[in-house]
Amino acid sequence: MTVAALELRGLSKEFSLPGAGWFAPPQKIQAVRSVNLVVPKNAIVGLVGESGSGKTTTGMVALRLTEPTGGQILLDGADITRLPHGALKPHRRKMQVVFQDSYSALDPMFTLVRIVAQPLEIHGMGSAREREAQALDWLERVGLHRSYGNRYPHELSGGQRQRVAIARALILKPQVLIADEPTSALDVSVKAQIINLLQDLQAEMGLSILFISHDLSVVRSLTDTVAVMFNGRIVEQAPTEAIFADARHPYTVSLLDAIPAAHPRNRRLRTFRTRDELEAATPRLSAAELGQAPSPTPRLVEVAPGHLVEAILT
Ligand SMILES: Nc1ncnc2c1ncn2[C@@H]1O[C@H](COP(=O)(O)OP(=O)(O)OP(=O)(O)O)[C@@H](O)[C@H]1O
Ligand SMILES: [Mg+2]
């Protein structure tokens, strides 16, 4: 069996917020509920779902930028869930992140060559001269002229800043890239350029990407597999074409319905559903037909090869 680049096993994250009054108990938010997700080597997995469904939290916990409250994170087969900071550092090199808003991640006082070279410096790799040479090479690789090395973040457009953020994330040659809405702040034409760049770099480097996005048309063109998140859980997961051609969970169907069709006549009616309605709409499948034990609590079952749906088994 091949080892996954990144595997989340039963991953959970509960946030505690202070209560509203002096004696009010703290408020608990279950942002991620027992998520199982595999990002195979050399593949792009999409993570979709409405705002607040827990996509960013899943990514942040996988990176251990937020600590999990349950479950395990395996990076290239190694369990990094409880590694202390020092022991985590060599693993950190293998997994990097690009956010939607790279501006806040790029130090405004640093030149671009310094920004891109910084991860090498943090990990004590190469001499100053070697790091600078590599950073200039990476600027070129992401489509910026080497002369940009002396510029500052404020001199760049949004698309150029995302290119710098990508160079900075990939200079350590990670195995896994978590891309959290990397194009959603960009204009359509620039968005397509950045998607093409990610696609090219993925193929060249054999990268594994967890691609978090609201944009289902981008997800469709870019990913191999899609996981659909609702209310902190993965409710459906399948090869990308199966998600778009054969969605089984009503929540996935309602997400797909929300994509505007090119021609109004082809636009399906958007069915509005509340969370409670959606919870109530959890598919019911025959346990006997699937050869499984009945399960009154919803769980993910495989309904076709690689196609998982959350269902109640009766
Ligand atoms: N630091 C935090 N403290 C408390 N609650 C949080 C924190 N971060 C996220 N949450 C809550 O966790 C839930 C999931 O949020 P998250 O940001 O992961 O969703 P998302 O799917 O990325 O949404 P979006 O599509 O808007 O980016 C939300 O209810 C959110 O309010
Ligand atoms: Mg988010």
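Residues numbered from 1 in each chain as written. Chains lettered and ligands numbered in written order. Predicted model: local features only at pLDDT ≥ 70, side-chain atom pairs only at ≥ 80, totals over all residues. Heavy atoms only, no water.

## Examining the overall build of the chain
Counted only if it meets this: Runs of E in the DSSP output that reach at least two residues are strands. Runs of H or I that reach at least four are helices, and both are numbered from the N terminus. As a reference, a globule follows 2.2 Å times the number of residues to the power 0.38, and the radius of gyration itself is taken over C-alpha atoms. Throughout this description, buried means an accessible area under 20% of the type-specific maximum (1.4 Å probe, protein chains only), exposed means over 50%, and partly exposed covers the range between. Contacts were defined at the residue level, with two residues in contact if any of their heavy atoms lie within 4.5 Å. Each accessible area is a Shrake-Rupley result for a 1.4 Å probe, and residues are judged covered by the shown protein chains and nothing else. We treat Lys and Arg as the positive residues and Asp and Glu as the negative residues; His and chain ends play no part in the count. Where a charge lies is defined by one atom per residue type, namely NZ (Lys), CZ (Arg), CG (Asp) and CD (Glu).
A count of helices and strands for the chain gives 11 helices and 13 strands. Its C-alpha atoms give the chain a radius of gyration of 21 Å, within 12% of the compact-globule value 20 Å for 314 residues. Taken along its principal axes, the extent of the C-alpha atoms in the chain is 65 × 50 × 50 Å. Counting the 314 residues in the chain, one finds 45% classified as buried. Across the chain, contacts joining residues at least 24 apart in sequence account for 64% of those joining residues at least 6 apart. Of the accessible surface of the chain, which amounts to about 15700 Å², a share of 53% is contributed by carbon and sulfur atoms. Across the chain, the mean location of the 34 positive side-chain charges is 3 Å away from that of the 31 negative side-chain charges.

## Side note on the packing of aromatic side chains
Here is the rule we go by: Only rings of Phe, Tyr and Trp enter the pairing, Trp through its six-membered ring, and a pair is recorded when the two centres are within 6.5 Å. The plane angle decides the type: under 30 degrees is stacked, over 60 is edge-to-face, the rest tilted. For a Lys NZ or an Arg CZ to count as sitting over a ring, it must be within 6 Å of the ring centre and within 35 degrees of the ring normal.
As enumerated under the stated definition, the model contains one aromatic pair in all. Taking 4.6 Å as the distance between ring centres and 40° as the angle between the ring planes, the aromatic pair formed by Phe-230 and Tyr-251 counts as tilted. Of this pair, Phe-230 sits in strand S9 (residues 225-230) while Tyr-251 sits in helix H9 (residues 250-257), placing them 21 residues apart in sequence. Owing to a relative accessible area of 1%, Phe-230 belongs among the buried residues under this scheme. Over the ring of Phe-110 we find Arg-114, and its NZ or CZ is 3.8 Å from the ring centre.

## Notes on the site of ligand 1
What counts, and what does not: Here a residue counts as near a molecule or strand whenever at least one of its heavy atoms sits within 4 Å of it. Between N or O atoms, a polar contact is any pair within 3.5 Å; within protein, one atom must be a potential hydrogen donor and the other a potential acceptor, and residues adjacent in sequence are included only when both atoms are from side chains. Classification convention: Asp, Glu, Lys, Arg as charged; Ala, Val, Leu, Ile, Met, Phe, Trp, Tyr, Cys, Pro as nonpolar; all other residues, Gly among them, as polar.
With respect to spatial proximity, 14 residues lie near ligand 1, and among them Ser-51, Gly-52, Lys-55, Thr-56 and Thr-57 are the closest. Contacts to ligand 1 include Gly-54, whose backbone N or O atom sits 3.0 Å from an oxygen atom. In this structure, His-214 approaches ligand 1 through a side-chain N or O atom, which is 3.2 Å from an oxygen atom. Notes on ligand 1: free accessible area 640 Å², of which the protein chains cover 63%. Classifying every residue of the shell around ligand 1 gives four nonpolar, seven polar and three charged.

## Some words on the pattern of salt bridges
The condition is simple: We define a salt bridge as a contact between a side-chain nitrogen of Lys or Arg and a carboxyl oxygen of Asp or Glu at a distance within 4 Å.
Evaluation of the coordinates by the stated rule reveals 12 salt bridges. Between Glu-14 and Lys-28 there is a salt bridge; the shortest N-O distance is 3.9 Å. Residue Glu-14 is located in strand S1 (residues 6-17), and its partner Lys-28 is located in strand S2 (residues 27-39); the two are separated by 14 residues in the primary sequence. Accessibility expressed as a relative area gives 27% for Glu-14, which makes it partly exposed. Of the charged contacts, one joins Arg-248 and Asp-246 as a salt bridge, the two residues approaching to 3.1 Å between their closest N and O atoms. Bridged by salt links that share partners, the residues Lys-41, Asp-76 and Lys-94 form one connected network.

## Some words on helix H5 (residues 158-170)
Going by this rule: Expected span of a helix, by definition, is 1.5 Å for each gap between consecutive residues, and there is one gap fewer than residues.
Between the first and last C-alpha of H5 there are 18 Å, a value that for 13 residues agrees with the 18 Å anticipated at 1.5 Å per step. Looking only at H5, the buried set comprises Gly-159, Gln-160, Arg-161, Gln-162, Arg-163, Val-164, Ala-165, Ile-166, Ala-167, Ala-169 and Leu-170. If you follow the buried residues of H5, they end up packed against strand S6 (95-98), helix H3 (112-122), helix H4 (128-141), strand S7 (176-180) and helix H6 (188-205).

## Details of the sheet that holds strand S4 (residues 70-75)
Counted only if it meets this: Pairing between strands is defined by DSSP: at least two bridges between the two strands are required. Geometry is summarised by axes, namely lines fitted to C-alpha atoms with helices restricted to the contacting stretch, and by angles between N-to-C directions that run from 0 to 180 degrees.
Sheet architecture is open: four strands sit in the order S2-S1-S4-S5, paired in antiparallel fashion. Two strands lie at the open edges of the sheet, namely S2 and strand S5 (78-79), each paired on one side alone. As paired elements, S1 and S4 share five bridges and run antiparallel to each other. Paired with Leu-6 across the two strands is Leu-75, which belongs to S4. Strands S1, S2 and S4 of the sheet are contacted by helix H1 (residues 55-62), whose axis makes an angle of about 110° with S1.

## With respect to the packing of H3 against H5
Put simply, the test is: Should an angle lie under 35 degrees it is considered roughly parallel, over 145 roughly antiparallel, and from 65 to 115 roughly perpendicular; all remaining angles are considered oblique.
Viewed as axis vectors pointing N to C, H3 and H5 meet at an angle of 30°, and their least axial separation amounts to 7 Å. Judged by the inter-axis angle, H3 sits roughly parallel to H5. Here Leu-112, Ile-115, Val-116, Gln-118 and Pro-119 of H3 lie close against H5, whose contacting residues are Val-164, Ala-167 and Arg-168.

## Focus on the environment of Gly-70
Position of Gly-70 relative to the elements: it lies in strand S4. In the structure, Gly-70 is positioned 132 residues away from Gln-202 in sequence and 30 Å away in space, judged by C-alpha atoms. The contacts of Gly-70, once residues within four sequence positions are left out, are Gly-10, Leu-11 and Ser-12.

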